[in-house]
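Each chain is listed here by its residues.
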Amino acid sequence: MHTIEQMKHHVSVRNYQKKAIPVEIKQELLLAAQSGSTSNFVQAYSIIEIGDQAKKRQLAEITKFSGHLNQAPLVYVFVADLYRHAAQLEKHHRDLAPLTNTESFVVSIVDATIAAQNMCVAAESLGLGICYIGGIRNDLFKVKELLNLPKLTVPLFALSIGYPNEKNDPKPRLPLNNLVSMDSYKIDEITNLANYDEQTSQYYQNRNSHQANITWTEKDLDFFSEVRRPEFARFLKEQGFDL
Ligand SMILES: Cc1cc2nc3c(=O)[nH]c(=O)nc-3n(C[C@H](O)[C@H](O)[C@H](O)COP(=O)(O)O)c2cc1C
């Protein structure tokens, strides 16, 4: 399939065949991931493959709702990573302040995410399914311990990859006029979600599984009805960030 068609047909996959992924394909996925753009060529991320079944199970438990992680043939954890830089700076007796500030933290998140999304597009081009799993951030301290993460690293999400057993219908994204403006931020266009709520309501009522009578706005209100993961700031502080 043409790359753009493939991207427009993306759906997260949470049910995989038991089929293993050949080592040559894993290699290609990793090379695709690391070929993405990276701020100032700093490459401020790491990728940890989870091969150990017990660790996979523990990560799945941390996510609470993403038990499929346990069955996924391939699992990577993407880590925002400034430790590699810290090791170099320390070796050369330099100040770490330029690494520990908010700007560097954002750089590492963006770099890790670009690499992950490159991997996703590559995986889907080979007929594989993927699912990001931010649920591992439910217990950052536990994940740090499990993966032996040093200072100035932050586990962002896991990525499960495998041959799909089943696929959902693609979810309709925001209409482009709710997403894109010309020359300045168009508040009215961006916030008028009536059409999108109608569209998403139809989607949730008619999709092939987990049907529901709900709109995007209702889902959003539900999602933001509580402060999520308030311990994140404490974790970042303990990891040596000064935000
Ligand atoms: C950073 C990130 C974290 C996510 N975390 C989870 C997760 O923990 N569990 C899960 O089932 N899906 C997770 N997802 C998948 C989203 O729910 C999914 O992409 C979204 O609902 C849109 O659906 P689609 O990917 O099928 O189009 C995550 C996606 C992203 C980008």
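Calculation notes
Residues numbered from 1 in each chain as written. Predicted model: local features only at pLDDT ≥ 70, side-chain atom pairs only at ≥ 80, totals over all residues. Heavy atoms only, no water. UniProt positions renumbered as here; feature names shortened; annotations may be inferred. Near = heavy atom within 4 Å. Polar contact = N/O pair within 3.5 Å; in protein donor to acceptor, adjacent residues only side chain to side chain. Areas by Shrake-Rupley, 256 points an atom, 1.4 Å probe, with all protein chains shown as cover. Nonpolar A, V, L, I, M, F, W, Y, C, P; charged D, E, K, R; others polar. Helix = DSSP H or I, 4+ residues; strand = E, 2+ residues; numbered from the N terminus. Buried < 20%, exposed > 50% of the residue type's maximum accessible area, 1.4 Å probe, protein only. Contact = heavy atoms within 4.5 Å. Phe/Tyr/Trp six-rings, centres within 6.5 Å; stacked < 30°, edge-to-face > 60°. Axes fitted to C-alpha atoms, helices over the stretch in contact; angles between N-to-C directions. Parallel < 35°, antiparallel > 145°, perpendicular 65-115°, else oblique. Left-handed = near helix turned anticlockwise from the far one by under 90°. Core = buried A, V, L, I, M, F, W, Y, C linked by side-chain atoms within 4.5 Å. Pairing = 2+ DSSP bridges.

An unreviewed UniProt entry annotates the protein as Nitroreductase domain-containing protein of Enterococcus columbae DSM 7374 = ATCC 51263. The UniProt entry for the protein carries the following text under Sequence similarities (unreviewed entry): "Belongs to the flavin oxidoreductase frp family."

Asks: For this particular structure, what's the right way to read the site of the ligand?
Replies: Taken together, the residues surrounding the ligand are His-10, Val-11, Ser-12, Arg-14, Ser-66, Cys-131, Tyr-132, Ile-133, Gly-134, Gly-135, Lys-171 and Arg-173. Gly-135 has a polar backbone atom sitting 3.0 Å from an oxygen atom of the ligand. In the complex, 66% of the free accessible area of the ligand, which totals 620 Å², lies under the protein chains. A breakdown of the residues in the shell around the ligand according to their chemical character gives four nonpolar, five polar and three charged.

Asks: What am I meant to see in the environment of Gln-205 here?
Replies: With respect to the helices and strands, Gln-205 occurs in helix α9 (residues 194-206). You can call Gln-205 partly exposed: its relative accessible area is 35%. When the C-alpha positions of Gln-205 and Ala-112 are compared, they lie 35 Å apart, and in sequence the two are 93 residues distant. The residues touching Gln-205, leaving out its near neighbours within four places in the chain, are Gln-211, Ala-212 and Asn-213.

Asks: How should the UniProt feature "domain: Nitroreductase" (unreviewed entry) in the protein be read in this particular structure?
Replies: Per the UniProt record, "domain: Nitroreductase" (unreviewed entry) is found at residues 9-163. Helix makes up 44% of residues 9-163 and strand 18%, whereas the separation of the span's terminal C-alpha atoms amounts to 16 Å.

Asks: Help me out: how do you make sense of the environment of Ala-33 in this one?
Replies: If you trace the backbone, Ala-33 turns up in helix α2 (residues 23-34). Taking the relative accessible area as the measure of exposure, Ala-33 reaches 1% and is therefore buried. Each C-alpha atom, one on Ala-33 and one on Ser-125, is 13 Å from the other, the two residues being 92 residues apart in sequence. With residues near it in sequence (within four places) discarded, Ala-33 still touches Tyr-45, Ile-47, Ala-115, Asn-118 and Met-119.

Asks: I tried to follow the packing of aromatic side chains on my own but got confused; where do I start?
Replies: This model, assessed by the stated rule, comprises seven aromatic pairs. Relative to Phe-235, the ring of Phe-141 has its centre 5.2 Å away and its plane inclined at 85°; by these criteria the two rings are edge-to-face. Note that Phe-141 is positioned in helix α7 (residues 140-147) and Phe-235 in helix α11 (residues 232-238), a separation of 94 residues in sequence. Classification of Phe-141 as partly exposed rests on a relative accessible area of 23%. Summarising the aromatic geometry, the rings of Phe-223 and Phe-224 are spaced 4.9 Å apart at their centres and angled 85° between planes, so their arrangement reads as edge-to-face. Members of the aromatic cluster, each reached through a chain of ring pairs, are Phe-78, Tyr-132 and Phe-157.

Asks: Teacher, can you tell me more about the packing of α2 against helix α6 (residues 102-125) here?
Replies: If you want to describe how two helices pack, look at the angle between their axes and the distance between the axes. Contact pair α2 / α6: the axes reach a minimum separation of 7 Å and the direction vectors enclose 135°. Considering their axes alone, α2 and α6 lie oblique with respect to each other. Helix-helix and strand crossings are classified by hand; for α2 and α6 the assignment is right-handed. Contacts from Leu-29, Leu-30, Ala-32 and Ala-33 of α2 reach α6 at Ala-115, Asn-118, Met-119, Ala-122 and Ala-123.

Asks: Would you take a moment to explain the nonpolar core for this structure?
Replies: For soluble globular proteins, the rule of thumb is that nonpolar side chains tend to be buried together. Ranked by internal contacts, the top residues of the largest apolar core, which has 35 residues, are Leu-29, Phe-78, Met-119, Val-154 and Ile-161. Going through the elements one at a time, α2, β2 (74-81), α6, β4 (153-162) and α11 are the ones with two or more residues in this core. Counting residues per element, this core draws most heavily on α6, which supplies eight residues. Setting aside its immediate chain neighbours within four residues, Val-154 contacts Phe-78, Val-79, Ala-80, Phe-105, Phe-232, Phe-235, Leu-236 and Phe-241. Grouped together as the second largest cluster of nonpolar side chains are 19 residues, Leu-59, Val-75, Val-79 and Leu-146 included.

Asks: Just checking my understanding: could you explain the pairing of β4 for this structure?
Replies: Within a regular beta strand, the side chains point alternately toward one face of the sheet and then the other, so they alternate between its two faces. A large share of β4 lies buried, amounting to 10 of its 10 residues. Note that β2 and β4 share eight bridges and pair antiparallel. If you follow Leu-74 over to β4, its bridge partner there is Ile-161. In the sheet, strand β3 (residues 129-133) pairs with β4 via five bridges, with the strands oriented antiparallel. When the sheet's bridge partners are listed, Tyr-132 is paired in β4 with Leu-159.

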